[in-house]
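A closer look at the structure
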Amino acid sequence: QVQLVESGGGLVQAGGSLRLSCAASGSIISINAMGWYRQAPGKQRELVAVITSGGSTNYADSLKDRFTISRNNAKNTVYLQMNSLKPEDTAVYYCNAACITTHGYLEVWGQGTLVTVSS
């Protein structure tokens, strides 16, 4: 069993910053990629950014200049620093992890954390 617990969401004014965190726990041997996705009201879930265990990153083109993904492998934690936030960044942000567990490979999603950007 693996769980992802996200934190750091909330209400922020346009132009502000937030830092999301996602900690993985459970029967984890290792974690390959960890990532952030988001889903705005009435829209499909979309990729925000992913990071491998080696630190390679991939971003949605429209977000790479404002968002930064990082991770602490020792803590099985991934972060998302979001700067210069815009109202269109309002969404539920989900953490995702590709885990090698004692029961084999498992892809896990967090419960989501709401980010609301006011204009």
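How each quantity is defined
- Residues numbered from 1 in each chain as written.
- Predicted model: local features only at pLDDT ≥ 70, side-chain atom pairs only at ≥ 80, totals over all residues.
- Heavy atoms only, no water.
- Core = buried A, V, L, I, M, F, W, Y, C linked by side-chain atoms within 4.5 Å.
- Buried < 20%, exposed > 50% of the residue type's maximum accessible area, 1.4 Å probe, protein only.
- Helix = DSSP H or I, 4+ residues; strand = E, 2+ residues; numbered from the N terminus.
- Disulfide = S-S within 2.5 Å.
- Pairing = 2+ DSSP bridges.
- Polar contact = N/O pair within 3.5 Å; in protein donor to acceptor, adjacent residues only side chain to side chain.
- Contact = heavy atoms within 4.5 Å.
- Phe/Tyr/Trp six-rings, centres within 6.5 Å; stacked < 30°, edge-to-face > 60°.
- Lys NZ or Arg CZ within 6 Å of the ring centre and 35° of its normal.

Thoughts on the nonpolar core
With 32 residues, the main nonpolar core has Trp36, Leu80, Met82 and Tyr93 as its most contacted residues. Mapped onto this core, the elements with two or more residues apiece are β1 (2-7), β3 (18-26), β4 (28-39), β5 (46-51), β7 (67-72), β8 (77-82), β9 (91-101) and β11 (113-118). The element best represented in this core is β9, accounting for five residues.

Focus on the state of the cysteines
A full pass over the atoms with the stated rule returns one disulfide. Disulfide pairing places Cys22 opposite Cys95 at an S-S distance of 2.1 Å. Classification of the bridge connecting Cys22 and Cys95 rests on its S-S torsion, roughly -85°, and on that basis the disulfide is left-handed. Here Cys22 is found in strand β3, whereas its partner Cys95 is found in strand β9, with 73 residues between them in sequence. Of the two residues, Cys22 and Cys95, neither departs from the other in class, the shared state being buried.

Section: the pairing of β1
Residue alternation in β1 divides its side chains into a buried set, Val2, Leu4 and Glu6, and an unburied set, Gln3, Val5 and Ser7. Direction of pairing for β1 relative to β3: antiparallel, over a ladder of six bridges. Its bridge partner lying in β3, Val5 is registered against Ala23.

Some thoughts on the side chain of Thr77
Mapped onto the elements, Thr77 comes out in strand β8. By relative accessible area, which is 7% here, Thr77 ends up buried. For Thr77, the side chain forms a polar contact with the main-chain oxygen of Lys75, separated by 2.9 Å. Look past the residues within four positions of Thr77 in its chain and what remains in contact with it is Cys22, Ala23, Met34, Ser70, Arg71 and Asn72.

Observations regarding the side chain of Thr113
Secondary-structure assignment places Thr113 in strand β11. Within the local environment of Thr113, its side chain forms a polar contact with the backbone nitrogen of Gly9, the two atoms lying 3.3 Å apart. Aside from chain neighbours lying at most four places away, what touches Thr113 is Glu6, Gly9, Leu20, Ala91, Val92 and Tyr93.

Quick word on the packing of aromatic side chains
Tallied over the full model, the rule gives one aromatic pair. It is Arg19 that lies over the ring of Tyr79; its NZ or CZ is 4.1 Å from the centre. Taking the ring centre of Trp109 as reference, the NZ or CZ of Arg45 above it sits at 4.6 Å.

Concerning unusual backbone geometry
One non-glycine residue with positive phi stands out, namely Asn76, at about 50°. One can find Asn76 in the loop between β7 and β8. Its relative accessible area of 21% is what places Asn76 among the partly exposed residues.

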